[in-house]
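Reading the structure
Chain by chain, the residues:
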Amino acid sequence: MEKLQSIEQYEQLKNGERTIFMFSADWCPDCTVIEPILPRLEADYPEYTFVEVDRDKFIDLCGELDIFGIPSFIAFHNGEEAGRFVSKNRKTLEEIEDFINGLAE
């Protein structure tokens, strides 16, 4: 999964056709649990660009987006927020797939 490098890159990717940002941190145990399933998600949903955002490197962005628990996901379609799966709870593959499948077209 691509890692976010800058706010400028965030703005560019957010305005792309379909992007899902995953907010995480290397110290987060729940983030580590879902890490092995991320390649499968990318393969199963090729219409999306998946981007990992390190919460600690982009703390101001997380504040702007009301990301207070990780891992969390926010999807954008052409610059508009299409959906979010934001909570402090551990996420399962099925919950993440349900989130992606439920995004507005």
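Residues numbered from 1 in each chain as written. Predicted model: local features only at pLDDT ≥ 70, side-chain atom pairs only at ≥ 80, totals over all residues. Heavy atoms only, no water.

1. With respect to the layout of surface pockets
For clarity, the cut-off: Points on a 1 Å grid over protein atoms alone make up a cavity when a 1.4 Å probe fits among them but cannot get out, and a pocket when they form an open set with protein on both sides within 12 Å along at least five of seven lines; lining residues each have an atom within 4 Å of a point. Grid points are joined across faces, edges and corners, and a volume is the space filled by probe spheres set on the points. Helix and strand definitions here come from DSSP, where helices need a minimum of 4 consecutive H or I residues and strands a minimum of 2 consecutive E residues; each element is numbered from the N-terminal end. Classification used: nonpolar for Ala, Val, Leu, Ile, Met, Phe, Trp, Tyr, Cys and Pro, charged for Asp, Glu, Lys and Arg, polar for all others including Gly.
Empty space within the largest pocket amounts to approximately 220 Å³. The wall of the largest pocket is formed by 15 residues, among which K3, S24, D26, E52 and D54 lie closest to the centre. For the lining of the largest pocket, the secondary-structure elements that each account for two or more residues are β2 (18-24), α2 (29-34) and β3 (49-54). Taken together, the residues that form the lining of the largest pocket break down as six nonpolar, three polar and six charged.

2. Quick look at the sheet that holds strand β4 (residues 72-77)
Short version of the rule: Two strands are said to pair when DSSP picks up at least two bridges between them. Any pair of residues with heavy atoms lying within 4.5 Å of one another is described as a contacting pair. For helices, the fitted axis covers only the stretch in contact; all axes are lines through C-alpha atoms, and the angles between them, taken along N-to-C directions, range from 0 to 180 degrees.
Spatially, the five strands line up as an open sheet ordered β1-β3-β2-β4-β5, and their pairing is mixed. Two strands bound the open sheet, and with one partner strand each, they are β1 (2-3) and β5 (80-85). Alignment of β2 against β4, held across six bridges, turns out to be antiparallel. The partner of F23 across the bridge, within β4, is S72. Seen against the sheet, helix α1 (residues 7-14) touches β1, β2, β3 and β4 and runs at an angle of roughly 140° to β2. Sitting on the sheet, helix α5 (residues 93-101) touches β2, β3, β4 and β5, and the angle it makes with β5 is about 155°.

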